[in-house]
Structure formats: structure tokens, C-alpha cells
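This is what each chain is made of:
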Amino acid sequence: MSVVVVRGRSPEAIPLLGFTGTVVESLVVSLLGRELHDAKPKPFSVTPFFVGGRPAVDKAIVAPGDLLEFRVSFAERELAEKFIAKIMQGYTLFGRRVVVEELEFYDVFSQPTPQTGCFKLEFLTPLRFAVKPLYKRKRAIFDFLPRPLSVFKSAVKYGRELGLLRLGAPFLRWVHTYVALTDFGCPGRCIITVRLPNGGIARGFVGWALYRAFGKRRLADMWKTLRFAEAFNIGSGRGMGLGVVRATPLECPS
């Protein structure tokens, strides 16, 4: 599993309107082929553009010379290498040319595994989980709460579809039994709405949550799943940059 972080600058100001994850998704598809957009499972996930270290989820102005950053994660190394070869030449964003200055390329599972059972998740873009209907309905319903089982089930399901995780029901039963949500919050509104370029909207949770695993037997699997979630996002709409999450290990209180 390969992750590519792209950093660049434009000599012109660039207005960013709406949720830019779909813009990054379109950029990847334009470089690698339209067939990737409709592939199931989609073999890549993106983040929105980051400006000044913050994701552009609503409105932002990129001033001339400002650092512009985004991340793309690929299930296959070959796709990542093809993407790097093309993106190194720069790209056009809303009619303005962006010069790529730096690329970061790494394998997620090569990172060391923390030994702690406590961690913090920061939800940088709206998080939502599709609620499976028991009866027929006309519109989708989403759950916005970052429950431990919802977080890990989402990552495991997608990881298995891509062939990158081999975990299943026994691990999820361990999560349900031993991993607890100990606190959560947000800097302002917990649920925000973002506008998509096609005229649609997406709502979800943005903020942070603290977790603690009270069992040690599967900590390695827990952290492997969290690293996957960081790379490929979680929840509904992960391919277009919803559910971007950052995991930070913490020392467990005594």
C-alpha cells in the first residue's frame, strides 16, 4: 500500500470553492484513466487540498506562493509510481498552473507499530457511516458518531476488499469487547455540511475522539487497521476525501 503526498506552489492566487476532495479525485482520474473512477473497489483514496496545514472543505484562497498539499493512497505500488511520473510535471488547478516542489512516497505498513492501547483520532473532514436499511427507503441515512466498532468495521471491510487486510469477525468482536470511546469533542460545530462541485452536499462529524483498548492481545492488529484508516480514510465517501483521519498514540492513564 503506497502513499503519495504532493506539495507545490502556484505563482497566481487560486480560489477554492466547496469541498476540494472531489477536485483531487478528478485530478487522479484524469492522470491515470477514467476507468479508475468507476472501479469497485476503488483502488485509491484522496484527501482534499491542504492550505496552511488545514483541509479546504468550504472556501479558501491560495495566495501566490502558498504551499498547496494533498495526499493520494494507492492499493497497488504500480499505480502510485505511474501517478508520480505524471504529477511531477505539475498540474492545472482552476486554470492556474501549480509547480510540484516535493513528493513524499512511503509504504504505510513499513511504519513502526505503537505498543500502547490508547489513541486519539482527529477527523479532519466530515465523517459519516451509511446506515444499512432494514426496510425500503428513498434516501440515505448516515450515522455521524465515531463509535469504535463503526471506525474499525469500516476500515476492515474496505481493507479486505482491496486485499490489504486479512482481519475479520474475530478481530471486530475483540474491538467490540475491549475498545472503548472515552471522550470526544470538536472545536466548534461537531456536524458540518460541505458543498460538492456537482451541487450536492455532504454532512458529517469533524473533531476528535479518544479511545482505549482494555485488552492487549490484538494491539498489533488494531494499529495496523488504524494505519490503513489513515491512508484510505473511513466511512462513506472515503474515495473523494471524506473521513480523513489522523491517529496519534497516547500513554494510557493509570
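Fair warning: this is a prediction, and the values are worked out from it, not measured in the lab. (Residues numbered from 1 in each chain as written. Predicted model: local features only at pLDDT ≥ 70, side-chain atom pairs only at ≥ 80, totals over all residues. Heavy atoms only, no water.)

Trainee: Give me the overall build of the chain: which residues, what numbers.
Mentor: Helix and strand counts for the chain come out as five helices and 16 strands. Over its C-alpha trace the chain gives a radius of gyration of 18 Å, about what one expects of a compact globule, namely 18 Å for 254 residues. Its C-alpha atoms put the chain at 50 × 40 × 35 Å along the principal axes. Evaluated residue by residue, the chain yields a buried proportion of 50% over its 254 residues. Contacts spanning at least 24 positions in sequence make up 77% of the contacts within the chain whose residues lie at least 6 apart. Looking at the chain as shown, the accessible area adds up to about 13,100 Å², and 53% of this sits on carbon and sulfur atoms. Here the chain holds 37 positive side-chain charges and 21 negative ones, and the gap between their average locations is 10 Å. (Helix = DSSP H or I, 4+ residues; strand = E, 2+ residues; numbered from the N terminus. Rg over C-alpha atoms; globule rule 2.2 N^0.38 Å. Buried < 20%, exposed > 50% of the residue type's maximum accessible area, 1.4 Å probe, protein only. Contact = heavy atoms within 4.5 Å. Areas by Shrake-Rupley, 256 points an atom, 1.4 Å probe, with all protein chains shown as cover. Lys, Arg positive; Asp, Glu negative; His and termini not counted. Charge placed at Lys NZ, Arg CZ, Asp CG, Glu CD.)

Trainee: Run through the packing of helix H3 (residues 148–162) against helix H4 (residues 169–178), naming residues and quoting values.
Mentor: Between H3 and H4, whose axes approach to 9 Å, the crossing angle comes to 160 degrees. It follows that H3 is roughly antiparallel to H4 by the angle criterion. Crossing of H3 over H4 shows right-handed handedness. Residue-level contacts link Pro-148, Leu-149, Phe-152, Lys-153 and Val-156 of H3 to Phe-171, Leu-172, Val-175 and His-176 of H4. (Axes fitted to C-alpha atoms, helices over the stretch in contact; angles between N-to-C directions. Parallel < 35°, antiparallel > 145°, perpendicular 65-115°, else oblique. Left-handed = near helix turned anticlockwise from the far one by under 90°.)

Trainee: For the packing of H3 against helix H5 (residues 219–232), give the residues involved together with the corresponding values.
Mentor: For the pair H3 and H5, interaxial distance at closest approach is 9 Å and the crossing angle is 80 degrees. With respect to each other, H3 and H5 are oriented roughly perpendicular. Seen from H3, the contacting residues are Phe-152, Ala-155, Val-156, Tyr-158, Gly-159 and Leu-162; seen from H5, they are Met-222, Thr-225, Leu-226, Phe-228, Ala-229 and Phe-232. Among the residues forming the contact of H3 with H5, the class breakdown is 10 nonpolar, two polar and no charged. (Nonpolar A, V, L, I, M, F, W, Y, C, P; charged D, E, K, R; others polar.)

Trainee: Could you give me a rundown of the environment of Lys-82, with the residues and numbers involved?
Mentor: With respect to the helices and strands, the residue Lys-82 is situated in helix H2 (residues 77–87). The exposure class of Lys-82 is partly exposed, given its relative accessible area of 41%. Each C-alpha atom, one on Lys-82 and one on Leu-32, is 7.5 Å from the other, the two residues being 50 residues apart in sequence.

Trainee: Residue-level account of the side chain of Ser-73, with values.
Mentor: Its place among the elements puts Ser-73 in strand S7 (residues 68–74). We classify Ser-73 as buried; its relative accessible area is 0%. Looking at Ser-73, its side chain comes within polar contact range of the side chain of Arg-71, at 3.3 Å. A distance of 2.6 Å separates a polar atom in the side chain of Ser-73 from the backbone oxygen of Ala-231. (Polar contact = N/O pair within 3.5 Å; in protein donor to acceptor, adjacent residues only side chain to side chain.)

Trainee: Now, about the pattern of salt bridges: what can you tell me, with residues and values included?
Mentor: Across all of its chains, the model carries 11 salt bridges by this definition. Glu-122 is the salt-bridge partner of Arg-246, the closest N and O atoms lying 3.5 Å from each other. Highlighted residues: Arg-246 in strand S16 (residues 245–250) and Glu-122 in strand S10 (residues 118–127), separated in sequence by 124 residues. Overall, the relative accessible area of 36% leaves Arg-246 in the partly exposed class. One network of salt bridges, with partners in common, ties together Arg-7, Glu-69, Glu-102 and Glu-104. (Salt bridge = Lys/Arg side-chain N within 4 Å of Asp/Glu carboxyl O.)

Trainee: Pulling in residues and values, what's your account of the nonpolar core?
Mentor: Core analysis: the largest hydrophobic core is formed by 40 residues, its most contacted members being Leu-121, Phe-123, Phe-152, Phe-171, Met-222, Phe-228 and Phe-232. For this core, the secondary-structure elements that each account for two or more residues are strand S1 (2–9), S10, H3, H4, strand S15 (201–213), H5 and S16. Counting residues per element, this core draws most heavily on H5, which supplies eight residues. Other than its neighbours up to four places away in sequence, Phe-123 contacts Pro-146, Phe-205, Val-206, Gly-207, Trp-208, Ala-209, Tyr-211, Ile-234, Val-244 and Val-245. Of all hydrophobic cores here, the second largest spans 31 residues; its members include Val-62, Leu-79, Ala-80 and Phe-83. (Core = buried A, V, L, I, M, F, W, Y, C linked by side-chain atoms within 4.5 Å.)

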